[in-house]
Amino acid sequence: MGLLGDLKDDVVGLVRDPTDEQRILVIAFVGMAIADRYMYFNDIPFVVRTTAAVGVGFIVMFLVSYLLTGQFVPPDGNADDDEGVEEYVDELDP
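Source: prediction; values computed, not measured.

Chemist: Whenever I open this one, the packing of aromatic side chains confuses me. Can you help?
Modeler: One pair of aromatic rings is described through two measures. These are the centre distance and the angle between the planes. Tallied over the entire structure, the rule returns one aromatic pair. Centroid distance Tyr40 to Phe41: 5.4 Å. Interplanar angle 65 degrees. Geometry classified as edge-to-face. For Tyr40, a relative accessible area of 40% corresponds to the partly exposed category. Judged by relative accessible area, which is 62%, Phe41 ranks as exposed. Lying across the ring of Tyr40, Arg37 places its NZ or CZ 4.6 Å from the centre.

Here is the structure:
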């Protein structure tokens, strides 16, 4: 069953024990759906409605990510390493 079996396992894992990333994505999806339905009932044009709903989804995703993890951006492995900074060299400049 390969693909269908993997898909079933993913859905069961999402329902029973979701990871933080899965929680964030589900909440962002719900935020997008709510924003889209709100704008639909207020007769906002389709293109504006869908674009705004995606924007709301990103905003919700960043806010929920911050609330769950306490930071906006995942930590970079060598962010504090000043010794490994390489100087930019333009390969096309002779």
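Read on, since the account is not over.
Chemist: Explanation requested: the UniProt feature "transmembrane region" (unreviewed entry) in the protein in the structure shown.
Modeler: The feature "transmembrane region" (unreviewed entry), as given by UniProt, occupies residues 22–39 and 46–68 in the numbering adopted here. Counted over residues 46–68, helix gives 100% and strand 0%. Its end C-alpha atoms are 32 Å apart.

Chemist: Help me understand the packing of helix H2 (residues 20–41) against helix H3 (residues 46–69), please; the structure alone is not making it clear to me.
Modeler: Any two packed helices are characterised by how steeply their axes cross, that is the angle between the axes, and by the distance between the axes. Where H2 contacts H3, the two axes come as close as 8 Å, and the packing angle between them is 145 degrees. Viewed along their axes, H2 and H3 form a crossing whose handedness is right-handed. Each of Asp20, Arg23, Ile24, Leu25, Ile27, Ala28, Gly31, Met32, Ala35, Asp36, Met39 and Tyr40 in H2 lies in contact with H3, whose residues at this interface are Arg49, Ala52, Ala53, Val54, Val56, Gly57, Val60, Met61, Val64, Ser65 and Leu68. Partitioning the contact of H2 with H3 into residue classes produces 16 nonpolar, three polar and four charged.

Chemist: Any chance you could explain the environment of Val54 here in plain terms?
Modeler: With respect to the helices and strands, the residue Val54 is situated in helix H3. Residue classification places Val54 among the partly exposed positions, given a relative accessible area of 38%. In this structure the C-alpha to C-alpha distance between Val54 and Gly31, which are 23 residues apart in sequence, comes to 9.1 Å.

Chemist: Honestly, a nonpolar patch on the surface in this entry has me stumped. Any pointers?
Modeler: Residues Leu4, Leu7, Val11, Leu14, Val15, Val26, Phe29, Val30 and Ile34 make up a contiguous nonpolar surface patch of about 850 Å² in total accessible area. Take Val30: it is sitting in helix H2. Under the relative-accessibility criterion, Val30 is labelled partly exposed at 40%.

Chemist: What's the story with the pattern of salt bridges in this structure? I'm lost.
Modeler: Any two side chains of opposite charge can pair, so long as their charged atoms come close to each other. One pass over the full model with this rule turns up three salt bridges. Asp36 is the partner of Arg37 in a salt bridge, and the nearest nitrogen-oxygen pair spans 2.8 Å. Here Asp36 makes a salt bridge to Arg49, at a shortest N to O gap of 3.0 Å. Taken together, the residues span a long stretch of sequence, with Asp36 in helix H2 and Arg49 in helix H3 at a distance of 13 residues. In terms of burial, Asp36 and Arg49 fall into one category: buried.

What counts and how
Residues numbered from 1 in each chain as written. Predicted model: local features only at pLDDT ≥ 70, side-chain atom pairs only at ≥ 80, totals over all residues. Heavy atoms only, no water. Phe/Tyr/Trp six-rings, centres within 6.5 Å; stacked < 30°, edge-to-face > 60°. Buried < 20%, exposed > 50% of the residue type's maximum accessible area, 1.4 Å probe, protein only. Lys NZ or Arg CZ within 6 Å of the ring centre and 35° of its normal. UniProt positions renumbered as here; feature names shortened; annotations may be inferred. Helix = DSSP H or I, 4+ residues; strand = E, 2+ residues; numbered from the N terminus. Axes fitted to C-alpha atoms, helices over the stretch in contact; angles between N-to-C directions. Left-handed = near helix turned anticlockwise from the far one by under 90°. Contact = heavy atoms within 4.5 Å. Nonpolar A, V, L, I, M, F, W, Y, C, P; charged D, E, K, R; others polar. Patch = residues over 30% accessible without salt bridge, like charges linked within 9 Å, V, L, I, M, F, W, Y side chains within 5 Å. Areas by Shrake-Rupley, 256 points an atom, 1.4 Å probe, with all protein chains shown as cover. Salt bridge = Lys/Arg side-chain N within 4 Å of Asp/Glu carboxyl O.

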